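Chain by chain, the residues run as shown.
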Amino acid sequence: MRKVFTTALIFVLALVSCSYAAEVKIGACIYRFNDAFMLRFRNAMQAECEKSGAVIEIADGQDDQTTQNEQIDAFIAAKVNVLIINPVDRMASQPIIDKAKEAGIPVVFINREPTPEMLGTYDKAYYVGAKAEESGTQSGQIVAEYFKAHPEADKNHDGKLQFVLLRGQNGHQDMILRSKYSVEAIRDAGIEPVEIAGAIANWDKVQAMNIMNAFIMSIGPENIEAVIANNDEMALGAIEALKANDYNKGNPEMYIPVVGVDANASALEAMNSGELLGTVLNDADNQGTAAVRLALSIASGSDTGSIGYEITDGKYIWVPYQKVTRGEKQ
Ligand code: GAL
Ligand code: CA
């Protein structure tokens, strides 16, 4: 009898928790679906929603803030319980926060950080991401460690490191801080960094390939001692250009160390085949899971202390980066 009762109770509880979670509707906006890292992020959010029985709809902003604003309006009109927003332009987050606040809908920003001032205008505005400076430091360290372990990498024997810098989208915190801190990490390692060429390639492989091709033509590959890219896609684009010039194809005399950020599958492949020196894990799984759990928790008014991720300053979840080099984690 007791057992029957317990089983029945568990069944009822399971039903209650299912129907309760199913009531939570998340409206999510991604700046652009056609982005390798954001694809990993989306998959992680979907998986967490499937686990918890929540409903999520994800809209593709197609790299256009106006399009995304319309998608947000539609989610608000459809009375979603919570928004997860990856803004096209992080500096355009204030109107999004204002709208959400007016509608009384909590909002979790991801990957593109609104300023603390913006987040401060709404008690139900949060940010889930990773500390950009950390990834910059780690990618710079990977290059510095290689340079120290390989005296031949200093091609012109001047003790300095002549590098090419491929930057992500203008204004993105990951573009600004990865660029700054990767170079600083090289200096902190006791090597003088010299940026011989640099350009914005918008996180994009093809743009990076074209830019790198132009740099190879104008500078000469023999004068480039490293390529630092703000993300893996751009690192892979640079590698395409190098390979087209017979670099990074296995001949140690013709090799330029290239470093990225994200640890996307294609980058890990390139690393394992020796084309890419290393990358930094941008942990999409944990960021996506944390964003959904936080969203569900604030939407239902439950204790955010039990979601399994620490909340800093009442507003932030920071997921750590991790260096990835050959033979280490992959
Ligand atoms: C970065 C990531 C890039 C790109 C960008 C989009 O964190 O490293 O590859 O996805 O976010 O905002
Ligand atoms: Ca040098």
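All of these numbers come straight from a predicted model, not from anything done at the bench.

### As for the site of ligand 1
Right, on to step 1. Inspection of the region around ligand 1 gives Tyr31, Asp35, Phe37, Asn111, Arg112, His172, Asp174, Arg178, Trp203, Asn231, Asp262 and Asn282 as its neighbouring residues.
Right, on to step 2. Histidine 172 has a polar side-chain atom sitting 2.9 Å from an oxygen atom of ligand 1.
Right, on to step 3. One of the side-chain N or O atoms of arginine 178 is found 2.8 Å from an oxygen atom in ligand 1.
Right, on to step 4. Out of a free accessible area of 310 Å², ligand 1 has 99% covered by protein chains.
Right, on to step 5. Across the shell around ligand 1, the residue classes tally to three nonpolar, four polar and five charged.
Right, on to step 6. Taken domain by domain, the makeup of the shell around ligand 1 includes at least three residues from each of domain 1 (2-130 + 283-320) and domain 2 (132-281).

### Things to note about the domain arrangement of the protein
Often, the extent of an interface is quoted as the loss of accessible area upon association of its parts.
Right, on to step 1. Segmentation of the protein into domains returns domain 1 (2-130 + 283-320) and domain 2 (132-281).
Right, on to step 2. Here domain 1 and domain 2 have C-alpha centroids that lie 34 Å from each other.
Right, on to step 3. Between domain 1 and domain 2, the residue contacts involve 14 residues of the former and 15 residues of the latter.
Right, on to step 4. With both chains or domains summed, domain 1 and domain 2 bury close to 1,100 Å², and 33% of this area falls on carbon and sulfur atoms.

### Here we look at the packing of aromatic side chains
What characterises a pair of aromatic rings is the spacing of the ring centres plus the angle enclosed by the ring planes.
Right, on to step 1. Per the stated rule, a full pass over the model turns up five aromatic pairs.
Right, on to step 2. Taken together, a centroid distance of 6.1 Å and an interplanar angle of 90 degrees make the contact between phenylalanine 37 and phenylalanine 41 edge-to-face. With a gap of four residues between them, phenylalanine 37 and phenylalanine 41 both fall in helix 2 (residues 36-52), about one helical turn apart. The pair formed by phenylalanine 37 and phenylalanine 41 is uniform in burial state, with each residue classed as buried.

### Section: the coordination of the calcium ion (ligand 2)
Right, on to step 1. In this structure, Asp154 (OD), Asn156 (OD1), Asp158 (OD), Lys160 (O), Gln162 (OE1), Glu225 (OE) and Glu225 (OE) serve as the protein donors to the calcium ion (ligand 2), at separations of 2.3 to 2.5 Å.
Right, on to step 2. Considered as a linear motif, the donors of the calcium ion (ligand 2) on their single chain read D-x1-N-x1-D-x1-K-x1-Q-x62-E. Taken as a pair, lysine 160 in strand 6 (residues 160-167) and glutamate 225 in the loop between helix 8 (205-219) and strand 8 (226-229) lie far apart in primary sequence, 65 residues in all.

### Looking at the sheet that holds strand 3 (residues 82-85)
Right, on to step 1. Reading across from one edge, 2-1-3-4-5-11 is the order of the six strands in this open sheet, with parallel pairing throughout. What marks the edges here is a single partner per strand, and that holds for strand 2 (55-60) and strand 11 (316-318). Taken over all neighbouring pairs, the strand axes of this sheet differ in orientation by 15 degrees on average, direction set aside.
Right, on to step 2. Both strand 1 (residues 25-30) and strand 3 contribute to a ladder of four bridges, which runs parallel.

### Quick look at helix 4 (residues 93-103)
Right, on to step 1. Burial in helix 4 covers these residues: Ser93, Ile96, Ile97 and Ala100. Buried positions in helix 4, seen along its axis, are confined to an arc of 100 degrees and lie on one side of it.
Right, on to step 2. Positive backbone phi, approximately 70 degrees, marks glycine 104, located one or two places after helix 4.

### A word on the packing of helix 6 (residues 132-149) against helix 7 (residues 173-188)
Right, on to step 1. Running from N to C, helix 6 and helix 7 cross one another at 40 degrees; their axes reach a closest spacing of 7 Å. Seen along the crossing, helix 6 lies across helix 7 with a hand that is right-handed. For the pair helix 6 and helix 7, contact is made by Ala132, Glu133, Ser135, Gly136, Thr137, Ser139, Gly140, Gln141, Val143 and Ala144 and by Gln173, Asp174, Leu177, Arg178, Tyr181, Ser182, Ala185 and Ile186, respectively.

### As for the side chain of arginine 178
Right, on to step 1. With respect to the helices and strands, the residue arginine 178 is situated in helix 7.
Right, on to step 2. Only 3.0 Å separates the side chain of arginine 178 from the side chain of serine 135, close enough to count as a polar contact.
Right, on to step 3. Apart from residues lying up to four places away in sequence, arginine 178 is in contact with Ala132, Ser135, Gly136, Gln173, Trp203, Asn230, Asn231, Val261, Asn282 and Tyr321.

### Description of the pairing of strand 3
Right, on to step 1. Residues Val82 and Ile84 point to one face of strand 3 and Leu83 and Ile85 to the other, with burial holding for every one of them.
Right, on to step 2. Here strand 3 runs beside strand 4 (residues 107-110); their pairing, made up of three bridges, is parallel. Across the sheet, isoleucine 84 pairs through a bridge with valine 108, a residue of strand 4.
Right, on to step 3. Note on the crossover from strand 3 through helix 4 to strand 4: the handedness is right-handed.

### Some remarks on unusual backbone geometry
Right, on to step 1. Its identity as a non-glycine residue notwithstanding, aspartate 246 has a phi of 65 degrees, on the positive side.
Right, on to step 2. Locating aspartate 246 in the fold gives a position in the loop between helix 9 (232-244) and strand 9 (258-259).
Right, on to step 3. Residue class for aspartate 246 comes out partly exposed when judged on its relative accessible area of 43%.
Right, on to step 4. If you check the backbone angles, asparagine 248 has positive phi at about 55 degrees while not being a glycine.
Right, on to step 5. Counting through the fold element by element, asparagine 248 comes out in the loop between helix 9 and strand 9.

Parameters at a glance
- Residues numbered from 1 in each chain as written.
- Chains lettered and ligands numbered in written order.
- Predicted model: local features only at pLDDT ≥ 70, side-chain atom pairs only at ≥ 80, totals over all residues.
- Heavy atoms only, no water.
- Near = heavy atom within 4 Å.
- Polar contact = N/O pair within 3.5 Å; in protein donor to acceptor, adjacent residues only side chain to side chain.
- Areas by Shrake-Rupley, 256 points an atom, 1.4 Å probe, with all protein chains shown as cover.
- Nonpolar A, V, L, I, M, F, W, Y, C, P; charged D, E, K, R; others polar.
- Domains from an automatic or database assignment.
- Contact = heavy atoms within 4.5 Å.
- Buried area = accessible area lost by both parts, 1.4 Å probe.
- Phe/Tyr/Trp six-rings, centres within 6.5 Å; stacked < 30°, edge-to-face > 60°.
- Helix = DSSP H or I, 4+ residues; strand = E, 2+ residues; numbered from the N terminus.
- Buried < 20%, exposed > 50% of the residue type's maximum accessible area, 1.4 Å probe, protein only.
- Donors = N, O, S within 2.8 Å, 3.2 Å for Na, K, Ca; no water.
- Pairing = 2+ DSSP bridges.
- Axes fitted to C-alpha atoms, helices over the stretch in contact; angles between N-to-C directions.
- Arc of directions from axis to C-beta.
- Left-handed = near helix turned anticlockwise from the far one by under 90°.
- Right-handed = clockwise from strand over helix to strand, strands pointing away.

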